[in-house]
Amino acid sequence: MNNPYPLLQTIQAPADLRHLQREQLDALATELRAFLLESVSKTGGHLSSNLGTVELTVALHYVFNTPYDRVVWDVGHQTYPHKILTGRRERMGTLRQLGGLSGFPQRAESEFDAFGTAHSSTSISAALGMAMASRLKGEDRHAIAVIGDGAMTAGMAFEAMNNAGVSDCNLLVILNDNDMSISPPVGALNRYLAKLLSGQFYAAAKSASKNVLRGAPPLLELARRIEESAKGMVSRVTLFEKFGFNYVGPIDGHDVQTLVSVLENIKHLKGPQFLHVVTK
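Residues numbered from 1 in each chain as written. Predicted model: local features only at pLDDT ≥ 70, side-chain atom pairs only at ≥ 80, totals over all residues. Heavy atoms only, no water.

Caption draft 1: Inspection of empty space enclosed by the protein at higher detail. Throughout the structure, instances matching the rule amount to one cavity of 30 Å³ or more. Considered as a void within the structure, the largest cavity measures approximately 70 Å³ in volume. Around the largest cavity, the lining residues are Phe 64, His 142, Ala 143, Ile 144, Asn 170, Leu 171, Leu 172, Ile 266, Lys 267, Leu 269, Gly 271 and Gln 273. Breaking the lining of the largest cavity down by element, the ones donating at least two residues are strand E2 (143-148), strand E3 (171-177) and helix H12 (256-267). For the lining of the largest cavity, the per-class residue count stands at seven nonpolar, four polar and one charged. (1 Å grid on protein atoms, 1.4 Å probe; cavity = no way out; pocket = protein on both sides within 12 Å on 5 of 7 lines; lining within 4 Å. Points joined across faces, edges and corners; volume = space filled by probe spheres on them. Helix = DSSP H or I, 4+ residues; strand = E, 2+ residues; numbered from the N terminus. Nonpolar A, V, L, I, M, F, W, Y, C, P; charged D, E, K, R; others polar.)

What follows is the structure, encoded as C-alpha cells:
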C-alpha cells in the first residue's frame, strides 16, 4: 500500500522540517492538511480553524529555530498542525481523550508549547514578556505571538501592543485574519481590517497588472512577489504602525513560499514587527 504521507512521516521535530528544500514545503503542507482531515474526522475537534493555519505553521517552524525561538498561539485550538510537526503526530488519535493529547497548547505536554492558551487574548502579553526577558539576558532569540482576528478585539491585546510598541525587543505579532472567530467578529476593528483588505485602488491595480502581464509568465510571477510586499503601501499608515510596530501585509496566509520569504525578511529586522496574514 502506498504511503500517503511520505514527507510528513519524516518530520519528527521542526529540526527535520528545516532540512527540507523550500520547494518541498508545498507538498508537505498538502500532506499535513490531508493528515489533519483524516485524524480529526476520527477524534473530533476544531477542524476549520486548523485548516487555516497549515501553511503558517509550516513556515514558522521552517524559518524560526523553535523551541529556542518561542511561538505563542493565542487561539489554542488552531495548534493541531503545530502538534503534528512537533513530535506528536502518532498521538493525534488520542486528541481530546482521557490521558491523550490536549486540544490546546500545554507546557507540560511539549517544550514546543511555550505558553498554555485557549482563546484568551493573552499571546502578545506573554510573548512580549519572553522577548523582554531574552533582551535582558542578552539572548538572541525571537518571540512570536499568533493572534486571531476575534482575539485581537480584546483590551488586553491592545494594552500589550501599547507596551510592545515602545519596547526594544525582538517581538513579532502575527494577525491570522480569517474573518471567522467562534462568533462573527464585529465592531470597529473588524471594519478596519475589512477596509485594509478591500481598497479599490489596490484591487484595480492588481487586476490591470495581471491582464498586462498574462502573456509573460516570468514577469507575472515577479509581479506577484512584488505585490505581496506592496500591499501594505496602499493605505498610508495603519493602526498598528501608530502603536509603534512595523506593519507588513496583508499577505496570503496559504502561500507557503511567500510566507517563508516574508518571515525570513522580518526575522532580521529589529524592534516590534506586525505581520497581517489572511486565511480561510
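Once you've had a look at it, read on.
Caption draft 2: Representation of the pattern of salt bridges. Scanning the model with the defined rule gives four salt bridges in all. Where Arg 141 meets Glu 139, a salt bridge forms, and the shortest distance between an N and an O atom there is 3.1 Å. By relative accessible area, Arg 141 is classed as buried at 14%. Overlapping salt bridges bring together Lys 137, Glu 139 and Arg 141 as one network. (Salt bridge = Lys/Arg side-chain N within 4 Å of Asp/Glu carboxyl O. Buried < 20%, exposed > 50% of the residue type's maximum accessible area, 1.4 Å probe, protein only.)

Caption draft 3: Region of interest: the side chain of Ser 134. Within the element layout of this structure, Ser 134 appears in helix H6 (residues 123-136). With residues near it in sequence (within four places) discarded, Ser 134 still touches Arg 70, Glu 139 and Arg 141. (Contact = heavy atoms within 4.5 Å.)

Caption draft 4: Layout of the pairing of strand E5 (residues 273-278). By the criterion of burial, E5 is predominantly enclosed, with five of the six residues buried. Alignment of E3 against E5, held across six bridges, turns out to be parallel. Considered in E5, the bridge of Ile 174 is made with Leu 275. In this fold, strand E4 (residues 246-252) hands off to H12, which returns the chain to E5; that crossover is right-handed. (Pairing = 2+ DSSP bridges. Right-handed = clockwise from strand over helix to strand, strands pointing away.)

Caption draft 5: Structural view of helix H4 (residues 54-63). Most of H4 sits out of view: ten of its ten residues are buried. If you check which residues of H4 are buried, you get Val 54, Glu 55, Leu 56, Thr 57, Val 58, Ala 59, Leu 60, His 61, Tyr 62 and Val 63.

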